Amino acid sequence: MGTTRPKIQILDVTLRDGEQTRGVSFSASEKLNIAKFLLQNLKVDRVEIASARVSQGELESVRGIMSWAASEGLEKRIEILGFVDSHKSVDWILASGAKTLNLLTKGSLKHLEGQLKKTPKEHFEEVSETIHYAKKNGLEVNVYLEDWSNGYLNSKDYVLDFVSHLSKEPLGKIFLPDTLGVLSPDETFSGISLLTQKHPDLHFEFHGHNDYDLSVANCLFAVKAGVKGVHVSVNGLGERAGNSPLEAVITALHDKAGVLTDVDEKSISEASRLVEVFSGKRISANRPVVGEDVFTQTAGVHADGDKKGNLYANPILPERFGRKRSYALGKLAGKASISENLKQLGLVLSPEVEKKVLEKVIELGDQNKNITPEDLPFIIADVSGNSSVQAIKILGCKINSGIGIRPKAIVELELHGKKYSEEGEGDGGYDAFMSALTSIASKAGLSIPRLVDYEVRIPPGGKTDALVETMITWNKAQENHEEENFKTMGIHCDQTVAAVLATEKMLNLILPTWQT
């Protein structure tokens, strides 16, 4: 019989610690939507959603989330950070409707003496008094040992005395934060092992920060040392270098630590995108698991190896996270890269045309052009001398936009030899253009894909007359009712015109799916 793999609890702190990221402040509705997704779709065990006594607006936000949680039976999976402040935090949490207090205490002698100016005895007594008051009023209580990592490194006896004191109190869990992100994996293992061996019956959890870029490794070593839970943040949001990133920690725990979690891997990418949009913090294209480029092979030899037996794939397969592998097009592309992209687009070419397409892709790559799979039909048309791909043409587009006026657009379009013209208004020039275009599409019985991202790039050091590259990501429904994203790009010295050209490409790409 096989050994049952232990399960590790996951506390997500995106909505509390994540808001300590510079420039990030979630609205009440954003917090509610993220909390819903984390608990119901991603299936983390618990979420920490706020700090007590921040503001009246935060109180109302927590009340809204708790009202929803009560209707779903999820109240005990939502937690609030509180302080040793003579009942004030406990009263705030009670007023919010929350059921769990995560009490922030001092885990290092340096913080205790330098910030609170108190003795260990005084602090321990105040902590106990707060715990008893919270329990008397029906709250569950967990305790954070703030700056525990420095406490272990520089005031070990203080940490041992404090944990021994807490072991006698009616607590649920003890959180061990590497508050300043100073630990190495070996130090994490040593510090936690000391506590788990002395107190094997206590529930310890590790809360990492990523200042040395070691938070994922530290989470693995914390689990190895015996913690029963780890704290994570979607996209690694958090102060300074951020918290332990959920996406990488979960993947590493599942693959490398020999443990299980309840987290649904297929929802990780969607959670990342949701938090990216609401936080306004874009993630890098090469971010593990969730970055746009992490499942992209660039070198032609890699594409060839995958084609001949998945030779360049690792255990972090894109399908685990609801994604697909892609093959970049550029100067390093090979025949296999072209073949795989054509296959995904459902296109079959003669060897001669395919060779010409590869030569053109390499030529454009040498010119530092950004080429997407959606550009292939236009490249094919170019090398084969066939311009039929431009079945839809935007004949004219006049956009009037500026300060103090309502943006308007007039669009003239030709579809299958028939001309259409419409006017539209919007919140900006491109929005007005899309309004007019949607009116034309409606008249023609067509459906426009949903725009999900709009990115503008200009060469470093570019002047006001530099060419602008506008990349638009669209979402369309497939025949099997699944949705798929695709990208189109336009290049022009005018940003809005570049977007119009990218949209024209989109129209021609989806034309075969339209019933006209």
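Being a predicted model, the structure only gives us computed values, none of them experimental. (Residues numbered from 1 in each chain as written. Predicted model: local features only at pLDDT ≥ 70, side-chain atom pairs only at ≥ 80, totals over all residues. Heavy atoms only, no water.)

Colleague: Before we go on, may I ask you to explain the overall build of the protein in this structure?
Modeller: Within the protein, the regular secondary structure consists of 17 helices and 16 strands. Across the 516 residues of the protein, 49% fall into the buried class. In the protein, 65% of the contacts between residues at least 6 apart in sequence involve partners at least 24 apart. Roughly 24700 Å² of accessible area belongs to the protein as shown, and the carbon and sulfur atoms make up 50% of that amount. (Helix = DSSP H or I, 4+ residues; strand = E, 2+ residues; numbered from the N terminus. Buried < 20%, exposed > 50% of the residue type's maximum accessible area, 1.4 Å probe, protein only. Contact = heavy atoms within 4.5 Å. Areas by Shrake-Rupley, 256 points an atom, 1.4 Å probe, with all protein chains shown as cover.)

Colleague: Help me understand unusual backbone geometry, please; the structure alone is not making it clear to me.
Modeller: A negative phi angle is the norm for most residues apart from glycine, just as the trans form is the norm for most peptide bonds. One non-glycine residue with positive phi stands out, namely His87, at about 80°. We note that His416 has phi near 55°; this positive angle belongs to a residue other than glycine. Within the secondary structure, His416 sits in the loop between strand S12 (408-415) and strand S13 (418-425).

Colleague: Quick question: what am I supposed to make of helix H5 (residues 120-136) here?
Modeller: Think of an α-helix as 3.6 residues a turn; residues three or four steps apart then line up on the same face. Taking 1.5 Å of rise per residue, the 17 residues of H5 would be expected to cover 24 Å, and the 24 Å separating its terminal C-alpha atoms lies within 8% of that figure. Contacts made by the buried residues of H5 are with strand S3 (78-83), helix H3 (88-96), strand S4 (100-106), helix H4 (109-116), strand S5 (140-146) and helix H7 (156-166). Following H5 by one or two positions, Gly138 adopts a phi angle in the positive range, close to 90°. (Expected span 1.5 Å × (residues − 1).)

Colleague: How should I be thinking about the sheet that holds strand S15 (residues 468-477) in this particular structure?
Modeller: Sheet strands associate in pairs through backbone hydrogen bonding, adopting either a parallel or an antiparallel arrangement. On the basis of which strands lie adjacent, the open sheet formed by three strands has the order S14-S15-S16 and antiparallel pairing. Sheet topology places strand S14 (450-457) and strand S16 (483-492) at the edges, where each strand pairs with a single neighbour. Each strand of the sheet is rotated relative to its neighbour by a mean of 20°, with strand direction disregarded. Examined bridge by bridge, S14 and S15 share seven bridges and lie antiparallel to one another. Of the residues in S15, the one forming a bridge with Leu451 is Trp474. (Pairing = 2+ DSSP bridges. Axes fitted to C-alpha atoms, helices over the stretch in contact; angles between N-to-C directions.)

Colleague: Sorry if this is basic, but what is going on with the environment of Gly417 here?
Modeller: Assignment of secondary structure puts Gly417 in the loop between S12 and S13. Between the alpha carbons of Gly417 and Ala391 there is a distance of 8.4 Å; along the sequence they are 26 residues apart.

Colleague: In this structure, what is going on with the packing of aromatic side chains? I would like to understand it.
Modeller: Any pair of aromatic rings gets described here by the distance separating the centres and the angle formed by the planes. Applying the stated criterion across every chain yields a total of seven aromatic pairs. Their ring planes at 70° and their centres at 4.8 Å tell us that Tyr144 and Phe175 sit as a pair that is edge-to-face. With Tyr144 in strand S5 and Phe175 in strand S6 (residues 174-177), this pair connects stretches of sequence that are 31 residues apart. Considered together, Tyr144 and Phe175 belong to a single accessibility category, that of buried residues. (Phe/Tyr/Trp six-rings, centres within 6.5 Å; stacked < 30°, edge-to-face > 60°.)

Colleague: When you look at the nonpolar core in this model, what are you seeing that I'm missing?
Modeller: One recurring pattern in soluble globular proteins is that nonpolar side chains are buried together. Counting residues in hydrophobic clusters, the biggest one holds 79 residues, and the most contacted among them are Trp148 and Val230. If we ignore the near neighbours within four places in the chain, the residues touching Val230 are Ile8, Gln9, Ile10, Leu11, Phe206, Cys219, Val223, Val249 and Leu253. Among the nonpolar cores identified, the runner-up in size contains 27 residues, and Ile394, Met434, Ala499 and Leu511 belong to it. (Core = buried A, V, L, I, M, F, W, Y, C linked by side-chain atoms within 4.5 Å.)

Colleague: What is the right way to look at the pairing of S4 in this model?
Modeller: A regular strand places its side chains on the two faces of the sheet in alternate fashion. Burial runs high along S4: six of the seven residues are buried. Note: S3 against S4, four bridges, orientation parallel. Residue pairing in the sheet places Ile80 in a bridge with Leu101 of S4. Crossover connection from S3 via H3 to parallel S4: handedness right-handed. (Right-handed = clockwise from strand over helix to strand, strands pointing away.)

Colleague: Could you clarify how one ought to interpret the sheet that holds strand S8 (residues 229-232) in this entry?
Modeller: With respect to topology, eight strands assemble into a closed barrel ordered S1-S2-S3-S4-S5-S6-S7-S8, the strand pairing being parallel. Averaged over all adjacent pairs, the angle separating strand axes in this sheet is 30°, with direction ignored. As judged from the four bridges shared by strand S1 (residues 9-12) and S8, these two strands associate in the parallel manner. Directly across from Ile10, in S8, lies its bridge partner Val230. On top of the sheet, helix H1 (residues 28-42) reaches S1, strand S2 (46-51) and S3; it is set at about 160° to S2, its chief contact.

Colleague: How should I be thinking about the side chain of Asn508 in this particular structure?
Modeller: Mapping Asn508 onto the fold places it in helix H17 (residues 495-510). Engagement of the side chain of Asn508 in a polar contact is seen with the backbone nitrogen of Ile392, the distance being 2.9 Å. (Polar contact = N/O pair within 3.5 Å; in protein donor to acceptor, adjacent residues only side chain to side chain.)

Honestly, it's all geometry; don't read function into it.
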